[in-house]
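An overview of the molecular structure
Now for the letters of each chain:
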Amino acid sequence: MQRSNTYVIIFSLILTIILGGLLSLASEGLKPAQKRAEEFATKKQILSAVMEVDPKENILQIFDDRISSIVVDATAELVETDEDGKPIDAAKVDIEKQFKRNPDERLYPVFRFHEKGDPENISAYIFAFYGNGLWDNIWGYIALETDMNTIAGAVLDHKAETPGLGARITEKLVQNRYRGKKIFNEEGELESVNMLKSENNPPSVLDEHNINGMSGATITAKGVNRMLKNYFENYLPFINKIKEEDRKVARLLN
Amino acid sequence: MAETLEKEVIKKPAEALLSKRRKKFVVDPLNDDNPITIQVLGICSALAVTTQLKPTLVMALSVTFVMIFSSLFTSILRNLIPTRVRIIVQLAIIASLVSLVNEVLHAYAFDVYKQLSVFVGLIITNCIVMGRLEAFAMGNKPYDSILDAFGSAMGYSWIIIAVAFFRELLGSGKLFGFAIFESIGWSTFPTNGLMVSPVGAFIILGLIIWVQRAKTGYVEQH
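None of the values given here were measured: they were computed from a predicted structure. (Residues numbered from 1 in each chain as written. Chains lettered and ligands numbered in written order. Predicted model: local features only at pLDDT ≥ 70, side-chain atom pairs only at ≥ 80, totals over all residues. Heavy atoms only, no water.)

**Quick look at the overall build of chain A**
Heads up, the rule is: Each helix is a run of H or I in the DSSP string that is no shorter than four residues. Each strand is a run of E no shorter than two, and both are numbered from the N terminus. Only C-alpha atoms enter the radius of gyration, while the globule expectation follows 2.2 Å times N to the 0.38, with N the number of residues. Using a 1.4 Å probe on the protein chains alone, a residue whose accessible area is under 20% of its type maximum counts as buried, one over 50% counts as exposed, and one in between counts as partly exposed. Here, two residues are considered to be in contact whenever any of their heavy atoms come within 4.5 Å of each other.
The helix and strand tally for chain A stands at 5 helices and 7 strands. Seen in sequence order, chain A has helices and strands lined up from the N terminus as α-α-β-α-β-β-β-β-α-β-β-α. Taken over the C-alpha trace, chain A has a radius of gyration of 23 Å; the compact-globule value for 254 residues is 18 Å, which it surpasses by more than 25%. With the C-alpha coordinates of chain A rotated into their principal frame, the extents come out at 90 × 45 × 40 Å. Here chain A holds 254 residues, and 43% of them are scored as buried. Put simply, 52% of the contacts in chain A that link residues at least 6 apart link residues at least 24 apart.

**Focus on the pairing of strand β3 (residues 118-132) of chain A**
All names here are of chain A. For the record, the criterion: In this analysis, strands are considered paired if DSSP registers two or more bridges between them.
Pairing between strand β2 (residues 108-115) and β3: 6 bridges, direction antiparallel. Across the sheet, residue R112 finds its bridge partner in β3, namely Y125. Turn length for the β3-strand β4 (residues 137-145) hairpin, with the two strands adjacent in sequence and antiparallel, is 4 residues.

**Here's the deal with the pairing of strand β1 (residues 67-72) of chain A**
Residue and element names in this part refer to chain A. Among the 6 residues that make up β1, 5 are buried, leaving the element largely enclosed by the rest of the structure. Summarising the sheet, β1 and β2 pair through 6 bridges and their orientation is antiparallel. Within β2, the residue paired with V71 across the bridge is P109.

**A closer look at the interface of chain A and chain B**
To keep it simple, the criterion reads: The term buried area refers to how much accessible surface (probe radius 1.4 Å) is lost by two components on association, counted for both of them together. Salt bridge, as applied in this entry: a Lys or Arg side-chain nitrogen positioned within 4 Å of an Asp or Glu carboxyl oxygen. In protein, a polar contact requires one atom able to donate a hydrogen and another able to accept it; more generally it is a pair of N or O atoms within 3.5 Å, and residues adjacent in sequence count only if both atoms are side-chain atoms.
Each side of the interface is counted separately: chain A has 22 residues, and chain B has 22 residues. When residues of chain A are sorted by the area they lose upon contact with chain B, F11(A), L23(A) and Q34(A) head the list and together hold 25% of the total. Summed over the shared surface of chain A and chain B, the number is 2 salt bridges. The shortest N-O distance in the salt bridge between K114(B) and D157(A) comes to 3.3 Å. Counting every contact that joins chain A to chain B gives 7 residue pairs in polar contact (both at pLDDT 80 or more).

**Quick word on the packing of helix α4 (residues 53-77) of chain B against helix α9 (residues 142-172) of chain B**
Residues and elements named next belong to chain B. Selection criterion: Only C-alpha atoms enter the line fits that serve as axes; for helices the fit covers just the stretch in contact. Angles between N-to-C directions range over 0 to 180 degrees. In this scheme, roughly parallel covers angles under 35 degrees and roughly antiparallel covers those over 145, while 65 to 115 is roughly perpendicular and the rest are oblique. For any pair of crossing helices, the crossing counts as left-handed if the nearer helix is rotated counterclockwise from the farther one by less than a right angle, and right-handed if it is rotated clockwise. Nonpolar residues are Ala, Val, Leu, Ile, Met, Phe, Trp, Tyr, Cys and Pro. Charged residues are Asp, Glu, Lys and Arg, and all others, Gly as well, are polar.
Two elements in contact, α4 and α9, have axes separated by 8 Å at closest approach and are oriented at 165°. Taken as axis vectors, α4 and α9 run roughly antiparallel relative to one another. Of the two possible hands of crossing, α4 and α9 adopt the one that is right-handed. A breakdown of the residues in the contact of α4 with α9 according to their chemical character gives 20 nonpolar, 7 polar and 1 charged.

**Focus on the side chain of N126(B)**
Examined against the element boundaries, N126(B) turns out to sit in the loop between α7 (118-121) and α8 (127-135). Discounting residues that sit within four places of it in the chain, N126(B) has contacts with G42(B), S45(B) and Y156(B).

**Remarks on the side chain of D157(A)**
As for its placement among the helices and strands, D157(A) is situated in strand β5 (residues 151-158). Owing to a relative accessible area of 10%, D157(A) belongs among the buried residues under this scheme. Only 2.8 Å separates the side chain of D157(A) from the side chain of Q45(A), close enough to count as a polar contact. In this structure the side chain of D157(A) is engaged in a polar contact, spanning 3.3 Å, whose partner is the side chain of K114(B).

**So, the confidence of the model for chain A**
What counts, and what does not: Values of pLDDT, the confidence the predictor places in each residue, fall between 0 and 100.
Of the residues in chain A, 100% reach a pLDDT of 70 or more, and the chain-wide mean stands at 89. Taking the mean pLDDT of every element in chain A, the minimum, 88, falls on helix α2 (residues 59-66) of chain A and the maximum, 93, on β4(A).

**Observations concerning the nonpolar core**
Put simply, the rule is: Among buried residues, those of type Ala, Val, Leu, Ile, Met, Phe, Trp, Tyr and Cys that are joined through side-chain atoms within 4.5 Å constitute a nonpolar core.
Counting residues in each nonpolar core, the largest one holds 62 residues, and the members touching the most others are F127(A), Y178(A) and F238(A). Every element with two or more residues in this core is listed here: α1 (5-48), α2, β1, β2, β3, β4, β5 and α5 (218-253) of chain A. Considering every element that reaches this core, the biggest residue donor is α5(A), with 10 residues. The contact partners of F238(A), leaving out residues within four places of it in the chain, are I70(A), V72(A), A76(A), V110(A), Y125(A), F127(A) and M148(A). Of all hydrophobic cores here, the second largest spans 47 residues; its members include I43(B), V63(B), L105(B) and I160(B).

**Some thoughts on the pattern of salt bridges**
It is possible for side chains bearing opposite charge to pair when their charged atoms get close. A full pass over the atoms with the stated rule returns 17 salt bridges over all chains. Between R86(B) and E134(B) there is a salt bridge, with its nearest N and O atoms 2.8 Å apart. In this pair, R86(B) sits in helix α5 (residues 86-108) while E134(B) sits in helix α8, placing the two residues 48 residues apart along the sequence. Put simply, D148(B) and R132(B) hold a salt bridge, and the shortest N to O gap is 2.9 Å. Remark: R132(B) occurs in helix α8 and D148(B) occurs in helix α9; sequence separation between them is 16 residues. Take D148(B) and R132(B): they sit in the same class, and that class is buried. A network of salt bridges, in which partner residues are shared, links R168(A), E171(A), R177(A) and E199(A).

**Side note on a nonpolar patch on the surface**
All names here are of chain A. To keep things clear, this is the line we draw: Here, patches come from residues exposed beyond 30% relative accessible area and free of salt bridges, joined within 9 Å for like charges and within 5 Å for nonpolar side chains (Val, Leu, Ile, Met, Phe, Trp, Tyr). In these tables, accessible area is a Shrake-Rupley quantity obtained with a 1.4 Å probe, and a residue counts as shielded only by the protein chains included in the view.
Among the surface-exposed residues, I9, I10, L13, I14, I17, I18, L22 and L25 lie close enough to one another that they form a single nonpolar patch of about 820 Å² accessible area. Its place among the elements puts L25 in helix α1. When its relative accessible area of 62% is taken as the criterion, L25 is described as exposed.

**Quick look at the environment of S71(B)**
Residue and element names in this part refer to chain B. Counting through the fold element by element, S71 comes out in helix α4. As a C-alpha pair, S71 and L105 span 34 residues in sequence and 21 Å in three-dimensional space. Residues contacting S71, with those up to four places away along its chain left out, are L133, A137, S145 and A149.

This is how it looks when you write it as C-alpha cells:
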C-alpha cells in the first residue's frame, strides 16, 4: 500500500521514540546488574593471579577476606580519594581510562594477597596491566612474590585478539609459563619477562626472563611484552619502596 | 448478499492451534527447508560461535528470542508499516531486540557475553531473521508468524548446536567445558586444532549437509 510522505515520517518518528525509549529504560534498569557482573569478573581475575578459583565458591567473599588493596600514583604515594574527593576502591579503578592518560598522571591499583584475618601476613602483590595487542586492547593482573622479583602468577585477557592464536593468552597453559620467572636481572635492573617468537624454543634460550610464546601470534606476544615492561616500570617506584621497607625491617631485626 | 457471505466466513470454526498447515511452519525448517543447510543462511555465526557448546546454546536462545518477538511485532504492525520503509522498520525492530539481548547478557551472563562479544550484535545482520520477517511475518497473522519464526529458529539452533558438539568434543575433548575423555580415563586424547578454527565448522557443516541430502534426496536446481 502506498502511503503519504507525512504518514511515513510520523510512523518512523513514533517507532523511533518508542523503541529508543524502551531501550534506554532497559539499559538504565540493567546497569546495576551489569556493574555487579563486571566487578565480579574483575575480582575473579585478580584472585586467579594468585590462586585456583573455583567458580562454585563465593568469590566476592574470598576477595574481601584475602585481598587488601591500595591505590598509588606514579611516585608510589598513596592516593586515597579521587578527583571528586570520594574514597577510591582499587578494584573499581578503570584501568582502561587510566591507560589513556600520561603514565605520570595515572592511578595504579595494588592488591595485597594475605592470609584470611591477617592483613599483615602478605604472600603476594598483584598489579594491574593494560596495553595494546594486535587488534585491540589487552590487559592482565600479575602477582609478584614478596621478594618483589619472582612472578607468582599471571592472568591475561583481551578484547579482540585472534581466536586460537593471540586469544590464547587467556589460556592457563600460556599464563602458567610466567610463574616463577624473575623481573629483575642479577644487577638488579628491571628486565621484565619476554615471550619469544614461536612455541618450541630450545631450552638454551629459555631462562628466567624469556618464555615460550604462541605460534602464529607473535604480534600479540610483543604487545604483552611491551605491556609488562611499561607497567613494571610504572610500578617500579612502588616496588622499590616495598623493597626499601623490607630492608629496614630486616636491619631492625638484625 | 455480500453481508451474509462475510458472516459465514466469520462463523467458520477456528483453525486448530496446531493444525497440519501450522505444523508445517515448525517442522519444515528443521530438515527439508533448513535455513543453514538448505537455504545456506546464517553461515557466519554458525562458524564463529560454535567452538564451544555453552556460547552456542546462548547464541541459539538469543536468535530464537529475537526471531519470535521480531516476527510477532512485525506481524502485529504489518498493516501499519509503510511499504516504502518496511525494511528499515524491520531492521529497527530486530536491532532493538538484539540490543536488549546484549544488555541482558552483559548483566546476567558476563562470561558468555565476553565470549560472544560482537556476534550477538551481528544477529541483526543474520539473514534468517530478516528473511522470515520479509517473507512471512509481513503477510501473515501474529500466531502463524510466531510458529514460523520458532521453526526457523529451531532449524538454525539444532544445526549450530550439532556443529558445536563435534567441535568442542574433537577440538578440546570437552562438552560444556567438562573434560569428557579425561573422565573416562583417556587423558592422552589427541585434540584436533582444526576443529577449533572456522575450517572445522565448515567440514562438520559439510558432513551434516551430506548426510541430510543423502537422506532427503534434495538436489539444488540450476
